[in-house]
Amino acid sequence: MKKDIHPNYREVVFLDTSSEYKFITKSTIDTKETIEWEDGKEYPLVKIEVSSASHPFYTGKKMLLDTAGRVEKFNRRYKKN
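The model shown is predicted, which means the values in this text are computed figures rather than measured ones. The written sequence of each chain sets the order in which its residues are numbered from 1. Where totals are concerned, whole chains, interfaces and linings use all residues; where local detail is concerned, this predicted model gives features only for residues with pLDDT of at least 70, and gives and counts side-chain atom pairs only at 80 or more. Derived side-chain values reflect all non-hydrogen atoms in the structure, with water molecules and hydrogen atoms excluded from consideration.

## Concerning the side chain of aspartate 16
Working step 1: Helix and strand assignments come from DSSP, with helices taken as H or I runs of at least 4 residues and strands as E runs of at least 2, each series counted from the N terminus. Along the chain, the position of aspartate 16 falls in strand β1 (residues 10–16).
Working step 2: Under the scheme applied here, a residue whose accessible area is under 20% of the maximum for its type counts as buried, over 50% as exposed, and between as partly exposed, the area being computed with a 1.4 Å probe on protein chains only. When its relative accessible area of 0% is taken as the criterion, aspartate 16 is described as buried.
Working step 3: Only 3.1 Å separates the side chain of aspartate 16 from the side chain of serine 19, close enough to count as a polar contact.
Working step 4: Polar contacts here mean pairs of N or O atoms no more than 3.5 Å apart (in protein, one a potential hydrogen donor and the other a potential acceptor; neighbouring residues in sequence count only if both atoms are side-chain atoms). At a separation of 2.6 Å, a polar atom in the side chain of aspartate 16 contacts the side chain of serine 51.
Working step 5: Contacts are assigned to residue pairs that have any heavy atoms within 4.5 Å of one another. Every residue in contact with aspartate 16, bar those within four places of it in the chain, is listed here: Tyr21, Ile48, Glu49, Val50, Ser51, Ala53 and Ser54.

As C-alpha coordinates, this is what we get:
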(Lines give C-alpha, C1' and ligand atoms only; values in the text may rest on other atoms or scores of the structure.)
Protein backbone atom coordinates (compact mmCIF):
# COMPACT_ATOMS: atom_id res chain seq x y z
CA MET A 1 0.00 0.00 0.00
CA LYS A 2 1.08 3.55 -0.63
CA LYS A 3 2.06 5.59 2.39
CA ASP A 4 0.27 8.78 3.52
CA ILE A 5 -2.78 8.43 1.25
CA HIS A 6 -5.11 6.58 3.61
CA PRO A 7 -7.24 8.34 6.25
CA ASN A 8 -6.57 7.76 9.94
CA TYR A 9 -8.79 4.78 10.94
CA ARG A 10 -9.25 4.77 14.70
CA GLU A 11 -11.77 4.31 17.50
CA VAL A 12 -14.18 7.24 17.85
CA VAL A 13 -16.95 7.96 20.37
CA PHE A 14 -20.29 9.10 18.94
CA LEU A 15 -22.56 11.07 21.30
CA ASP A 16 -26.29 11.38 20.57
CA THR A 17 -27.03 14.86 21.91
CA SER A 18 -30.79 14.30 22.15
CA SER A 19 -30.59 11.20 24.37
CA GLU A 20 -27.04 11.40 25.80
CA TYR A 21 -26.38 7.90 24.38
CA LYS A 22 -22.70 7.19 23.66
CA PHE A 23 -21.14 4.41 21.66
CA ILE A 24 -17.65 3.69 20.41
CA THR A 25 -16.79 2.41 16.97
CA LYS A 26 -14.03 2.72 14.40
CA SER A 27 -14.16 5.58 11.92
CA THR A 28 -12.06 7.84 9.73
CA ILE A 29 -14.06 10.97 10.63
CA ASP A 30 -11.94 13.97 11.61
CA THR A 31 -12.79 15.85 14.81
CA LYS A 32 -11.04 18.14 17.24
CA GLU A 33 -13.11 17.28 20.34
CA THR A 34 -12.19 14.44 22.70
CA ILE A 35 -13.88 12.60 25.54
CA GLU A 36 -12.72 10.23 28.24
CA TRP A 37 -14.35 6.82 27.79
CA GLU A 38 -15.26 4.33 30.53
CA ASP A 39 -11.89 2.58 30.20
CA GLY A 40 -10.05 5.78 31.16
CA LYS A 41 -8.64 6.42 27.67
CA GLU A 42 -9.31 9.55 25.66
CA TYR A 43 -11.02 9.19 22.28
CA PRO A 44 -12.09 11.62 19.55
CA LEU A 45 -15.72 12.74 19.99
CA VAL A 46 -18.37 13.26 17.29
CA LYS A 47 -21.71 14.77 18.32
CA ILE A 48 -24.75 13.56 16.39
CA GLU A 49 -28.43 14.51 16.65
CA VAL A 50 -30.04 11.14 15.90
CA SER A 51 -28.99 7.58 16.67
CA SER A 52 -30.76 4.29 17.22
CA ALA A 53 -31.42 5.41 20.80
CA SER A 54 -33.46 8.44 19.72
CA HIS A 55 -34.78 7.65 16.23
CA PRO A 56 -38.57 6.98 16.20
CA PHE A 57 -38.20 3.91 14.00
CA TYR A 58 -35.99 2.15 16.55
CA THR A 59 -37.64 3.48 19.72
CA GLY A 60 -41.23 2.87 18.59
CA LYS A 61 -42.23 6.41 19.52
CA LYS A 62 -44.07 8.31 16.84
CA MET A 63 -43.28 11.97 16.45
CA LEU A 64 -45.63 14.43 14.80
CA LEU A 65 -43.75 16.45 12.22
CA ASP A 66 -45.01 19.53 10.45
CA THR A 67 -44.71 18.12 6.95
CA ALA A 68 -47.80 19.93 5.68
CA GLY A 69 -46.05 23.28 5.93
CA ARG A 70 -43.06 22.00 3.99
CA VAL A 71 -45.28 20.49 1.28
CA GLU A 72 -47.21 23.74 0.94
CA LYS A 73 -43.98 25.70 0.66
CA PHE A 74 -42.66 23.29 -1.98
CA ASN A 75 -45.88 23.54 -4.01
CA ARG A 76 -45.86 27.36 -3.87
CA ARG A 77 -42.24 27.52 -4.94
CA TYR A 78 -42.45 25.10 -7.86
CA LYS A 79 -46.03 25.46 -9.05
CA LYS A 80 -46.42 26.03 -12.77
CA ASN A 81 -47.43 29.50 -13.87
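This is not the end of the story, as more comes after the structure.
## Topic: the packing of aromatic side chains
Working step 1: What counts as a ring pair is set by centres within 6.5 Å for rings of Phe, Tyr and Trp (its six-membered ring), and what kind of pair is set by the plane angle: stacked under 30 degrees, edge-to-face over 60, tilted for all other angles. One pass over the structure, following the stated rule, counts three aromatic pairs.
Working step 2: Relative to phenylalanine 23, the ring of phenylalanine 14 has its centre 5.5 Å away and its plane inclined at 15°; by these criteria the two rings are stacked.
Working step 3: By relative accessible area, phenylalanine 14 is classed as buried at 12%.
Working step 4: A centroid spacing of 5.8 Å and a plane angle of 35° characterise the contact between tyrosine 21 and phenylalanine 23, whose relative ring orientation is tilted.

## Brief notes about the environment of valine 13
Working step 1: By the secondary structure assignment, valine 13 is in strand β1.
Working step 2: Among the residues examined, valine 13 registers a relative accessible area of 0% and is labelled buried.
Working step 3: On a C-alpha basis, the gap between valine 13 and threonine 25 in space is 6.5 Å, while along the polypeptide they are 12 residues apart.
Working step 4: Residues contacting valine 13, with those up to four places away along its chain left out, are Lys22, Phe23, Ile24, Ile35, Trp37, Tyr43, Pro44, Leu45 and Val46.

## Here we look at the pairing of strand β4 (residues 42–48)
Working step 1: With five of seven residues buried, β4 is to be regarded as a mostly interior element.
Working step 2: Two strands are said to pair when DSSP picks up at least two bridges between them. Inspection of the sheet shows β1 paired to β4 by four bridges, in the parallel sense. By the bridge assignment for β4, phenylalanine 14 is matched with valine 46.
Working step 3: Where strand β3 (residues 34–36) and β4 come together, three bridges link them in antiparallel fashion. From the neighbouring strand, threonine 34 faces β4, where its bridge partner is proline 44.
Working step 4: What sits between the antiparallel neighbours β3 and β4 is a turn of five residues, in which glycine 40 has the positive phi angle 90°.

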